[in-house]
Amino acid sequence: MIKAKDFSSWREREDDMDVIKKFTFADNFVLVTIIDSKDLVSEAIALHDLSPLAAAALGRTLTVTAFMANNLKGAGEKLSVTVNGGGPLGRIITAGDAGGKVRGYVENPHVELPFRNGKLDVGGGVGKDGYISVIKDLGLKEPYIGRTALINGEIASDFAYYFTASEQQPSAVALGVLVDKTGCIASGGIFVQPLPGCPDHVLTVLEDIVGNFTAVSNLFKDLGAEGIKDKYFGHFDINELEGGKPEYVCRCNRSKLEKVVLSLGRAECDDVIAEQGRIEIGCQFCGKKYIFDKNDVERLFSNK
């Protein structure tokens, strides 16, 4: 597994930290979002003891989730994402809150596969016999639910198809996670979205630009988000928008886990207490353990 680095030494310069940069150009007909997510992925590695393959798959998904979460408008809005391709990694589950705060896990975090064409075989680990499912709670009576088939399990093209087919927003998505035995070296995503009415000649220019988004993880390693913006979009008249910072933030607390205990039912809780002396429930997003003893169970069900 990848060794977790000391969080305090991930990056020495403030301008090297995780960031979400957003801007438009071409008379506001094109929206670009660039997300540097190295620290975000590093924290996921540390929390879940991820193999390099699992780190790449979960890291890419967390970066996309941060992109979607940053686009949420209301403070209480949230979303959840499931990537289930039937591969050995199992399901990838992520969740996000407005502003780019995300968390996630992969069901089988220690899976390793032979390299494919000299690279981590993310598509083989995720699988392509399945779907992406997105649930957005926007404070309405019913949540928005979007679901599309996977294209190849590589995550980027899968979400590009999801945005186009489910949210009717054509999007070019480029993702990359670079890891070694010491941890995450670089991670990030580039999202290019032509907006309604975008002229054909601008679409042609966009095709040329996104065609150069190869070895994305190396772009973030060598240039960072600001450098990518300058290299590929610096010659345009750019309109900077409010960005943000992607962060790994778990929302678990004891009150939420009490509901899980209650959902087990009194009889099952009593059986577990009799056999093990306590009920232990762990948060899948952060690994924190919550312990409930006999008195806790008695209190919960007496107040039900």
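Residues numbered from 1 in each chain as written. Predicted model: local features only at pLDDT ≥ 70, side-chain atom pairs only at ≥ 80, totals over all residues. Heavy atoms only, no water.

Colleague: Honestly, the side chain of Asp296 in this entry has me stumped. Any pointers?
Modeller: By the secondary structure assignment, Asp296 is in helix H10 (residues 294-302). By relative accessible area, Asp296 is classed as buried at 16%. With sequence-adjacent residues up to four places away left out, Asp296 is seen in contact with Arg254 and Ile291. (Helix = DSSP H or I, 4+ residues; strand = E, 2+ residues; numbered from the N terminus. Buried < 20%, exposed > 50% of the residue type's maximum accessible area, 1.4 Å probe, protein only. Contact = heavy atoms within 4.5 Å.)

Colleague: Explain unusual backbone geometry to me, please; I cannot follow it from the model alone.
Modeller: Comment: phi is negative for the bulk of residues other than glycine, and the bulk of peptide bonds are trans. The backbone of Asp27 shows a phi angle near 55°, a positive value even though the residue is not glycine. By secondary structure assignment, the location of Asp27 is in the loop between strand E1 (19-25) and strand E2 (30-36). Classification of Asp27 by relative accessible area gives exposed; the value is 71%. With a phi close to 50°, Ala215 is a non-glycine residue in the positive phi region. If you trace the backbone, Ala215 turns up in the loop between helix H5 (200-210) and helix H6 (216-222).

Colleague: For this particular structure, what's the right way to read the nonpolar core?
Modeller: The nonpolar side chains of soluble globular proteins are, as a tendency, buried together. Membership of the largest hydrophobic core comes to 53 residues, with the highest contact counts inside it found for Leu50, Met68, Val83, Leu89, Val126, Phe159 and Phe163. Per-element accounting of this core gives the leading share, twelve residues, to helix H2 (residues 52-70). Counting residues in hydrophobic clusters, the runner-up holds 21 residues, among them Ala174, Ala186, Val216 and Tyr232. (Core = buried A, V, L, I, M, F, W, Y, C linked by side-chain atoms within 4.5 Å.)

Colleague: Explain the sheet that holds strand E5 (residues 101-106) to me, please; I cannot follow it from the model alone.
Modeller: Each strand in a sheet pairs with another by means of backbone hydrogen bonds, the pair being arranged parallel or else antiparallel. Taken in spatial order, the six strands make up an open sheet running E7-E6-E3-E4-E5-E11, and their pairing is mixed. Looking at the sheet topology across the chains shown, the edges are occupied by strand E7 (144-149) and strand E11 (247-248). Direction of pairing for strand E3 (residues 78-84) relative to strand E6 (residues 131-137): antiparallel, over a ladder of seven bridges. Along E6, the bridge assignment pairs Val81 with Val134. Contacts from helix H4 (residues 156-165) reach E3, E6 and E7 within the one sheet, and its direction differs from that of E7 by about 130°. (Pairing = 2+ DSSP bridges. Axes fitted to C-alpha atoms, helices over the stretch in contact; angles between N-to-C directions.)

Colleague: For this particular structure, what's the right way to read the packing of helix H1 (residues 38-48) against H2?
Modeller: To describe two helices that pack against each other, one gives the angle between their axes and the distance between the axes. For the pair H1 and H2, interaxial distance at closest approach is 10 Å and the crossing angle is 130°. Taken as axis vectors, H1 and H2 run oblique relative to one another. Along this stretch, H1 crosses H2, giving a crossing that reads as right-handed. For the pair H1 and H2, the contacting residues are Leu40, Val41, Ala44, Ile45 and His48 in the first and Ala55, Leu58, Gly59 and Leu62 in the second. When its residues are assigned to classes, the contact of H1 with H2 shows seven nonpolar, two polar and no charged. (Parallel < 35°, antiparallel > 145°, perpendicular 65-115°, else oblique. Left-handed = near helix turned anticlockwise from the far one by under 90°. Nonpolar A, V, L, I, M, F, W, Y, C, P; charged D, E, K, R; others polar.)

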